[in-house]
Amino acid sequence: MTWIKPSLLWMMYRCGWATKDGQETVLAVEITRDGFEWALRNACLSSYVRGVHPDHATWQRQLKHAPTRIQWDPERDLHLQPLPYRSLQLGLSGEAARRYADEWTVAIRDVTPLAHKIHTLVRSGNLDAAARLLPQERPYTAANELLTHLRP
């Protein structure tokens, strides 16, 4: 399974500012909106949620056959502490992983130096300068029907 993490700070939490073993490189991958929305339409939540799924068995069947899965994880601040709202994490397997690699990817940039620079500023207490280096991240506007089956 390949995971897309649309939030830079959540990714920094996951990879420890690009210092964890095997996670020393951070790539920013730009994909098409059509591809991202295909992934949302074909996704299943990674865990059972009463009220979203009719029952546990139905969720298990959906999860088994879905090429994408969604997790809602707490967003992070510059100290990588959880914030009171969640960011989407999108897992791709099978057909979705193939489409991601072969059709949806528009650009790939190594943002490891940026991660290290922001981390250095955070460690030195210069949060304003660190915040200015963060990429602009806006809430994703999508048609309601794309997210109805994914909202806990």
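Note that the coordinates shown come from a computational prediction; the quantities given were computed from them, not determined experimentally. (Residues numbered from 1 in each chain as written. Predicted model: local features only at pLDDT ≥ 70, side-chain atom pairs only at ≥ 80, totals over all residues. Heavy atoms only, no water.)

**Q** Looking at this structure, how should I read the overall build of the protein?
**A** For the protein, the count of helices and strands is seven helices and six strands. Seen in sequence order, the protein has helices and strands lined up from the N terminus as β-α-β-α-β-α-β-β-α-β-α-α-α. If one aligns the C-alpha atoms of the protein with their principal axes, the spans along those axes are about 50 × 35 × 30 Å. Expressed as a percentage of the 152 residues in the protein, the buried residues total 38%. Long-range pairs, those at least 24 residues apart, make up 66% of the contacts in the protein between residues at least 6 apart in sequence. The distance from the centre of the 19 positive side-chain charges to the centre of the 16 negative ones in the protein is 4 Å. (Helix = DSSP H or I, 4+ residues; strand = E, 2+ residues; numbered from the N terminus. Buried < 20%, exposed > 50% of the residue type's maximum accessible area, 1.4 Å probe, protein only. Contact = heavy atoms within 4.5 Å. Lys, Arg positive; Asp, Glu negative; His and termini not counted. Charge placed at Lys NZ, Arg CZ, Asp CG, Glu CD.)

**Q** Explain a nonpolar patch on the surface here, please?
**A** Residues Leu27, Val29 and Ile108 make up a contiguous nonpolar surface patch of about 260 Å² in total accessible area. Among the structural elements, Ile108 can be located in strand E6 (residues 105-110). For Ile108, a relative accessible area of 53% corresponds to the exposed category. (Patch = residues over 30% accessible without salt bridge, like charges linked within 9 Å, V, L, I, M, F, W, Y side chains within 5 Å. Areas by Shrake-Rupley, 256 points an atom, 1.4 Å probe, with all protein chains shown as cover. Salt bridge = Lys/Arg side-chain N within 4 Å of Asp/Glu carboxyl O.)

**Q** Would you mind showing me how to read the nonpolar core here?
**A** One broad rule of soluble globular proteins: the nonpolar side chains tend to lie buried together. Within the largest apolar cluster, 19 residues are counted, with the highest numbers of intra-cluster contacts made by Leu40, Ile70, Leu90, Leu92, Trp104 and Leu150. If you list the elements that add at least two residues to this core, you get helix H2 (33-41), strand E3 (43-45), strand E5 (82-92), helix H4 (94-104) and helix H7 (144-147). For this core, the element with the highest residue contribution is H2, accounting for four residues. Leu8, Cys15, Leu80 and Val111 belong to the second-largest nonpolar core, a separate cluster that totals 16 residues. (Core = buried A, V, L, I, M, F, W, Y, C linked by side-chain atoms within 4.5 Å.)

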